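# Chain and residue survey
For reference, the chains in residue letters:
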Amino acid sequence: MNDAESLHEAIHEEVALQSYNDAWPAMFVAERDRLLALFPVNIIDMEHIGSTAVPGLLAKPVIDILAGVGSMAMARALTEPLLEAGYGTSAEFNAKLTDRQWFMRWADGRRTHHLHVVVHRGEEWAERLRFRDALRASPLLAARYAELKAGLVVQHANDREAYTSAKSAFVRSVLGLS
């Protein structure tokens, strides 16, 4: 499989969940360290977010990384350097975003990392960390989230956007936004 075929497969990859993998934190650290070495001035801080950051939680095997930068202008300015560093993105998707920029790494036709570049300590930064920390702090809440995700993956296995959107009410309720 060449790189273009691998990217096509990763973009259209079915939503699938796995049991928690103890290797996920180390995978985050390796990528965090690589990105901080490449962008030591631009990236202020990085955090492991998403379900792979919650021990014991059922998850898509994709490491979600939150990268904090000084401004959204800086987030947008990192697009070309991140593409050169092995990430891909959708210019159309990112053009619609006001609070973050989104990037994806892939290998062998599957997603390996999602990178969310946001304003460090801004609202998006705080909400994503609050949600992660709420799941880490409450096994009952994490179990409810896992149950929701397991049901949604059956309904939306071939539509990542619908799968993600269907989780938003739960996320908003945990954050006290609904």
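Anything mentioned here points back to the structure above.
This section reports on the structure supplied with the text.

## Comments concerning the overall build of the protein
When helices and strands are counted, the protein shows eight helices and four strands. Along the protein, helices (α) and strands (β) appear in the sequence α-α-β-β-α-α-α-β-β-α-α-α when read from the amino end. In terms of overall dimensions, the protein is globule-like: its C-alpha atoms have a radius of gyration of 16 Å, near the 16 Å expected for 178 residues. A sequence separation of at least 24 residues applies to 64% of the contacts in the protein between residues at least 6 apart. In the structure as shown, the protein presents an accessible area of about 9,200 Å², 54% of it carried by carbon and sulfur atoms. Where the 19 positive side-chain charges of the protein centre and where its 23 negative ones centre are 6 Å apart.

## Structural notes on the packing of aromatic side chains
A full pass over the atoms with the stated rule returns five aromatic pairs. The interplanar angle of 85 degrees and the centroid separation of 5.9 Å between the aromatic rings of phenylalanine 93 and tryptophan 102 together place this pair among those described as edge-to-face. Phenylalanine 93 sits in the partly exposed class, given a relative accessible area of 25%. On the numbers, 5.1 Å between centres and 20 degrees between planes, the contact of tyrosine 145 with phenylalanine 170 is stacked. Taken together, the residues span a long stretch of sequence, with tyrosine 145 in helix H7 (residues 139–155) and phenylalanine 170 in helix H8 (residues 160–174) at a distance of 25 residues. Accessibility assignment for this pair places tyrosine 145 and phenylalanine 170 in one class, buried. Among the aromatic residues, those joined into a ring-pair cluster are Phe131, Tyr145 and Phe170. Over the aromatic face of tyrosine 87 sits the side chain of arginine 105, whose NZ or CZ is 5.8 Å from the ring centroid.

## Observations concerning unusual backbone geometry
For aspartate 108, which is not glycine, the phi torsion reads 50 degrees and is therefore positive. The exposure class of aspartate 108 is exposed, given its relative accessible area of 73%. Even without being glycine, arginine 121 reaches a positive phi, approximately 65 degrees. Inspection of the secondary structure assignment puts arginine 121 in the loop between strand S4 (110–119) and helix H6 (123–137).

## Some remarks on the environment of glutamate 31
Locating glutamate 31 in the fold gives a position in helix H2 (residues 24–38). Taking relative accessible area as the criterion, glutamate 31 reaches 4% and is therefore assigned buried. C-alpha separation for the pair glutamate 31 and glycine 70, spaced 39 residues apart in sequence, amounts to 20 Å. With residues up to four places along the chain from it excluded, the contact list for glutamate 31 reads Ile65, Tyr87, Arg105 and His113. For glutamate 31, the side chain forms a polar contact with the side chain of arginine 34, separated by 2.9 Å.

## Examining the packing of H7 against H8
Viewed as axis vectors pointing N to C, H7 and H8 meet at an angle of 160 degrees, and their least axial separation amounts to 10 Å. It follows from the interaxial angle that H7 and H8 lie roughly antiparallel. For the element pair H7 and H8, the recorded crossing hand is right-handed. Residues Leu141, Arg144, Tyr145, Leu148, Lys149, Leu152 and Val153 of H7 form the contact with H8, whose own contacting residues are Tyr163, Ala166, Lys167, Phe170, Val171 and Val174. Its residues assigned to classes, the contact of H7 with H8 comprises 10 nonpolar, no polar and three charged.

## Examining the nonpolar core
Core analysis: the largest hydrophobic core is formed by 20 residues, its most contacted members being Leu35, Ile43, Leu82, Leu115 and Val117. Elements represented by at least two residues in this core include exactly H2, strand S2 (63–69), helix H3 (72–77) and S4. Of the residues forming this core, the biggest block, four residues, is contributed by S2. Ranked by size, the runner-up nonpolar core spans 10 residues in total, among them Val54, Leu57, Leu135 and Tyr145.

Conventions and cut-offs
- Residues numbered from 1 in each chain as written.
- Predicted model: local features only at pLDDT ≥ 70, side-chain atom pairs only at ≥ 80, totals over all residues.
- Heavy atoms only, no water.
- Helix = DSSP H or I, 4+ residues; strand = E, 2+ residues; numbered from the N terminus.
- Rg over C-alpha atoms; globule rule 2.2 N^0.38 Å.
- Contact = heavy atoms within 4.5 Å.
- Areas by Shrake-Rupley, 256 points an atom, 1.4 Å probe, with all protein chains shown as cover.
- Lys, Arg positive; Asp, Glu negative; His and termini not counted.
- Charge placed at Lys NZ, Arg CZ, Asp CG, Glu CD.
- Phe/Tyr/Trp six-rings, centres within 6.5 Å; stacked < 30°, edge-to-face > 60°.
- Buried < 20%, exposed > 50% of the residue type's maximum accessible area, 1.4 Å probe, protein only.
- Lys NZ or Arg CZ within 6 Å of the ring centre and 35° of its normal.
- Polar contact = N/O pair within 3.5 Å; in protein donor to acceptor, adjacent residues only side chain to side chain.
- Axes fitted to C-alpha atoms, helices over the stretch in contact; angles between N-to-C directions.
- Parallel < 35°, antiparallel > 145°, perpendicular 65-115°, else oblique.
- Left-handed = near helix turned anticlockwise from the far one by under 90°.
- Nonpolar A, V, L, I, M, F, W, Y, C, P; charged D, E, K, R; others polar.
- Core = buried A, V, L, I, M, F, W, Y, C linked by side-chain atoms within 4.5 Å.

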